[in-house]
Amino acid sequence: MISEIITIIGFTIIFSLALINVYFLKYAERFFKDPEEFQQSHTMFLIILFALILHSLYHFSEHFGLPYGPIFEITSVYLIVAVMAKATKHALYLEISAEIKKERKVRELMEYRAIQSRLGDTSKELVETKNFFNNIIQSSADAIVASGIDKKITYFSKGAEELFEIKASDVIGHNVLDLYPKEFLRKKDRMDRARELKEKGYIKNMTLKISTPSNKFKSISLSISSLMGEDKKIKGTVGVAKDITDEVRAANEIRQLKELSDKILEGMPEGLLLLDLKFRIARVNKSFVRITGIEKKEIAGKNILEYMKIPVAEKLFEAMNLKKKFSYVAFNEKTIKPEEFTFNLDGEEKTLTDYWTPVFDREGRVEFVLIILQEITLRKELEKSLMEQAEQLQKSNELKDIFTDIMRHDILNPIGVIKNYAEIITLEDINPLVKRSVDAISRNVEKTVEMIDAASKLEKIESVEQIDFETLDLGVLLRDAVENTTVRAAEKGMKIIMESEGSYPATVSSFIGAVFLNLLTNAIKYSPENTEIRVGVIDLDTAWKVYVKDRGEGISDRYKETIFTRFERLQKEGVKGTGLGLAIVKRIVEIHSGNVWVEDNPGGGSVFYVELPKEFK
């Protein structure tokens, strides 16, 4: 009875375990890492439970005498053996799998370490690349400024520090717009820039003027680009600024030079015509229009086939022989000197000259042919008039020479007769009144002879182009002049005092002696009786200065220049004469590259100075 109860209880427990395994053991799957392994374990456990059930059925059959008991036992033993074989095979599989997994983990670990090593090298390369590009940016002469979407400066290069004269540490985190002038910050302009930046992603070459903390004004060229994130949204901007102060200054200078050259070319009295190598007129100026009567709009930019259809232009260019000269200058690279030609404009005959020259480019090749037209119609008329006047002057000079010869030969003869009769009459015992009249006749005869002689000398000096020069002693010439005038001075009770006794060599002509004699004669003539005349020479290093001091009435300042002019006469100043003597003096001194003038004598009277170079060139 007890064994039956135990058999029934065992069968019930095994069957219950089978039910538990079927319905509840599947929840243990979560504790297995490998789902396949769990399935195999679950299957084997079910087979063992089924074998135990068959074994229980065997005991139950044996106890109750059922005929199928051995079949249950054999089946249970077979299932247990099969499970053991399966378990052994699975154990071996697990062992091999463990080794494979271990090897796989080792390989994965090695791969991981290799990847980690490569990542380290890549990170190092990234750092080096970052430093490399940062050094490139920092070494750039351009200013590079980056800012975020909030316009706060995040990067400020060394080039930016030099351009804006601000340290990076002073501007990082500040508004980027603080760097630029007020006109750059106008709302409309900012909106336009924002729109263009959004559409294009960049703005190029904006020209601005900035002022630095050192009060320098600079011109910069600014380009701005958008910084895009992975989401294709703008994260900020980067600006690249370049100092173009020198370029702007140079451009302004070039512009000013061009404007100046344009003004010069337009203001030239000569007509200017510029042809390119395609035979097109590149430029004409106002004088060309004035001279030729051809308007700019009629020919500017046109080639020969077009402007040759204009009658006036065709006449002008045919008269200039334009085609032939253009080919010569363009292909031979030579100039053509001015040549005269006539041109009929509206019935008016004009005489012109044309000067041709090539204009080269930077490579030394002919780029243009320049023609300069000059109207010489008036000059030709003047030349014709001057030739006629020259012919008349030549005839006048011939008449003057004849007149001079008459004075020197024919007139002097009757004057000599008058002088001789006057001298004979004075030898007779005649009435005092008659004697005074005869003396007056003699004085006027002498004055007339003096005038004729002076005029003859002046004419000779003005007509001689070459005069013989030699080294003479001015002291000797001056003493000779003093000796020749001593007797005349003594007649008026006057003394001539020579204050220089040395030697004064100079390269002069013999006419200088006449200069000294003329000055002494005038001093005697116009000085009071019983006075002194002092003469001397002063050394001026490269020249000698000769002086003649008298005690006459002196000369007014307003006449100090005019007394050396031919036929200038001083009235009401106590000075008489024709002035021919001083004109001769001035002419002779000028021929010697010297100077003559008069000053007031501190003691009363006048001082005449003659300055002569020691060596005539």
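Here, residues in each chain are numbered from 1, in the same order as that chain's written sequence. Local features in this predicted model are restricted to residues of pLDDT 70 or higher, and side-chain atom pairs are both shown and tallied only at a pLDDT of 80 or more, whereas totals for entire chains, interfaces and linings draw on every residue. Each side-chain value is worked out from all heavy atoms of the structure, with water and hydrogens disregarded.

**Comments concerning the overall build of the protein**
Test applied: In this text, helices come from DSSP runs of H or I with a minimum length of four residues, and strands from runs of E with a minimum of two, each type numbered from the N-terminal end. Only heavy atoms enter the contact rule, under which two residues are in contact if any of them lie within 4.5 Å. Per-residue and other accessible areas follow the Shrake-Rupley method at a 1.4 Å probe size, with only the shown protein chains counted as cover for residues.
Helices and strands together make up the secondary structure of the protein, namely 17 helices and 17 strands. The contacts of the protein with a sequence gap of at least 6 include a subset with a gap of at least 24, amounting to 53%. When the accessible surface of the protein is split by element, carbon and sulfur atoms take 57% of a total near 40,500 Å².

**Let's talk about helix 15 (residues 474-491)**
Using the following cut-off: By this rule the span expected of a helix is its residue count minus one, scaled by 1.5 Å. Here the bend at each residue means the angle between axes fitted to two seven-residue stretches, the one ending at that residue and the one beginning there. The rule is simple: take the accessible area with a 1.4 Å probe, protein chains only, and divide by the maximum for that residue type; under 20% is buried, over 50% is exposed, in between is partly exposed. Polar contact is the term for a pair of N or O atoms within 3.5 Å; when the atoms are in protein, one must be able to donate a hydrogen and the other to accept it, and sequence-neighboring residues count only if both atoms are side-chain atoms.
Over its 18 residues, helix 15 extends 26 Å from the first C-alpha to the last, a length consistent with the 26 Å expected when each residue adds 1.5 Å. The largest bend in helix 15 is about 45°, located at T485. Within helix 15 the residues assigned to the buried category are L474, G475, L477, L478, A481, V482, T485 and A489. With a side-chain oxygen positioned 2.9 Å from the backbone nitrogen of G475, the residue opening helix 15 is D473. Among the residues trailing helix 15, G493 stands out with phi positive, at a value near 70°.

**A look at the packing of aromatic side chains**
So the rule is basically this: Two aromatic rings, drawn from Phe, Tyr or Trp (for Trp, its six-membered ring), form a pair once their centres lie within 6.5 Å of each other, and the interplanar angle then sorts them: stacked below 30 degrees, edge-to-face above 60, tilted otherwise. As a reminder, the over-ring test applies to NZ of lysine and CZ of arginine, requiring each to be within 6 Å of the ring centre and within 35 degrees of the ring normal.
Evaluated as defined, the whole model comprises six aromatic pairs. Measuring from centroid to centroid gives 6.1 Å for F156 and F164, while their planes differ by 40°, and the two rings are tilted. F164 gets classed as buried once you look at its relative accessible area, which sits at 4%. Considering the side-chain rings of F279 and F326, the 4.3 Å spacing of their centres and the 75° angle between planes classify their relative orientation as edge-to-face. With a gap of 47 residues between them, F279 in the loop between strand 6 (271-276) and strand 7 (281-284) and F326 in helix 12 (residues 322-332) connect regions that are remote in the sequence. With relative accessibility at 4%, the residue F326 sits in the buried group. Counting every residue linked through ring pairs, the aromatic cluster contains F156, F164 and Y180. Seen from the ring of Y202, K204 lies directly overhead, with NZ or CZ sitting 5.4 Å from the centre. Positioned above the aromatic ring of Y547 is the side chain of K549, whose terminal nitrogen or guanidinium carbon lies 4.9 Å from the ring centre.

**A closer look at unusual backbone geometry**
Positive phi outside glycine occurs at F279, with the angle close to 65°. The exposure class assigned to F279 is buried, which follows from its relative accessible area of 12%. Positive phi outside glycine occurs at E333, with the angle close to 55°. Checked against the element boundaries, E333 lands in the loop between helix 12 and strand 8 (336-345).

**Looking at the nonpolar core**
Where we set the bar: Working definition of a nonpolar core: buried Ala, Val, Leu, Ile, Met, Phe, Trp, Tyr and Cys residues. They are joined through side-chain atoms within 4.5 Å.
Grouped together as the largest cluster of nonpolar side chains are 39 residues, with contacts concentrated most on L474, F516 and I533. For this core, the element with the most residues is helix 16 (residues 511-526), which contributes seven residues. In this view, L474 contacts Y504, A506, V508, I512, F516, W544 and L612; residues no more than four positions away in its chain are not counted. If you look at the next biggest cluster of nonpolar residues, it comprises 28 residues, including L275, F279, F288 and I336.

**Considering the pattern of salt bridges**
Heads up, the rule is: Whenever a carboxyl oxygen of Asp or Glu lies within 4 Å of a side-chain nitrogen of Lys or Arg, that contact is scored as a salt bridge.
All told, the structure shown has 18 salt bridges when counted by the stated rule. Among the ionic pairs, E165 bridges to K218, the shortest N-O distance being 3.7 Å. Highlighted residues: E165 in the loop between helix 4 (158-164) and helix 5 (168-171) and K218 in strand 4 (residues 217-228), separated in sequence by 53 residues. Residue classification places E165 among the partly exposed residues on the basis of a relative accessible area of 27%. The exposure class assigned to K218 is buried, which follows from its relative accessible area of 11%. For the salt bridge of E363 with R365, the shortest nitrogen-to-oxygen distance reads 3.6 Å. Comparing E363 with R365 shows no difference in burial state: the two are exposed. Through salt bridges with shared partners, a single ionic network connects E266, R283 and K296.

**Considerations on a positive patch on the surface**
Here is the rule we go by: Any residue with relative accessible area above 30% and no salt bridge may belong to a patch, with like charges joined within 9 Å and the nonpolar Val, Leu, Ile, Met, Phe, Trp and Tyr side chains within 5 Å. Residues scored as positive are Lys and Arg, those scored as negative are Asp and Glu, and His as well as the terminal groups of each chain are ignored. Positions of charges follow a simple convention, taking NZ of Lys, CZ of Arg, CG of Asp or CD of Glu.
There is a patch of like positive charges on the surface, built from K101, R104, K105 and R107. Among the structural elements, R104 can be located in helix 3 (residues 69-139).

**Thoughts on the pairing of strand 7**
We apply this condition: Pairs of strands are assigned from DSSP output, requiring at least two bridges between the strands.
Bridge count between strand 6 and strand 7: three bridges; the pairing is antiparallel. Looking at the pairing, L275 lines up with I281 of strand 7. Hairpin remark: strand 6 followed by strand 7, antiparallel, with four residues in the connecting loop; positive phi at F279, about 65°.

**Considerations on the sheet that holds strand 8**
Counted only if it meets this: Axes here refer to lines fitted to C-alpha atoms; in helices the fit is confined to the stretch in contact. Angles between the N-to-C directions go from 0 to 180 degrees.
Across the sheet, which stays open at both edges, the five strands sit in the order 7-6-10-9-8 with antiparallel pairing between neighbours. In this open sheet, the two strands that pair with only one neighbour each are strand 7 and strand 8. Strand-to-strand twist of the sheet, defined as the mean angle between neighbouring strand axes without regard to direction, takes the value 25°. On top of the sheet, helix 12 reaches strand 6, strand 8, strand 9 (348-360) and strand 10 (366-375); it is set at about 20° to strand 9, its chief contact.

**Digging into the side chain of S500**
Positionally, S500 belongs in the loop between strand 12 (495-498) and strand 13 (505-508). At a separation of 2.9 Å, a polar atom in the side chain of S500 contacts the main-chain amide nitrogen of V537. Apart from the residues within four sequence positions on either side, S500 is in contact with R479, V535, G536 and V537.

**Notes on the sheet that holds strand 3 (residues 202-211)**
With antiparallel pairing, the five strands of this open sheet are ordered in space as 2-1-5-4-3. The open sheet has two free edges, formed respectively by strand 2 (153-156) and strand 3, since each of these has just one partner strand. Adjacent strand axes in the sheet meet at a mean angle of 25° when their direction is disregarded. Relative to strand 5 (residues 234-243), strand 4 runs antiparallel, the two sharing nine bridges. Across the sheet, S225 pairs through a bridge with V238, a residue of strand 5. Here helix 6 (residues 187-200) sits on the sheet in contact with strand 3, strand 4 and strand 5, set at roughly 150° to strand 3. Packed on one face of the sheet, helix 7 (residues 245-267) meets strand 4 and strand 5 and runs near 125° to strand 4.

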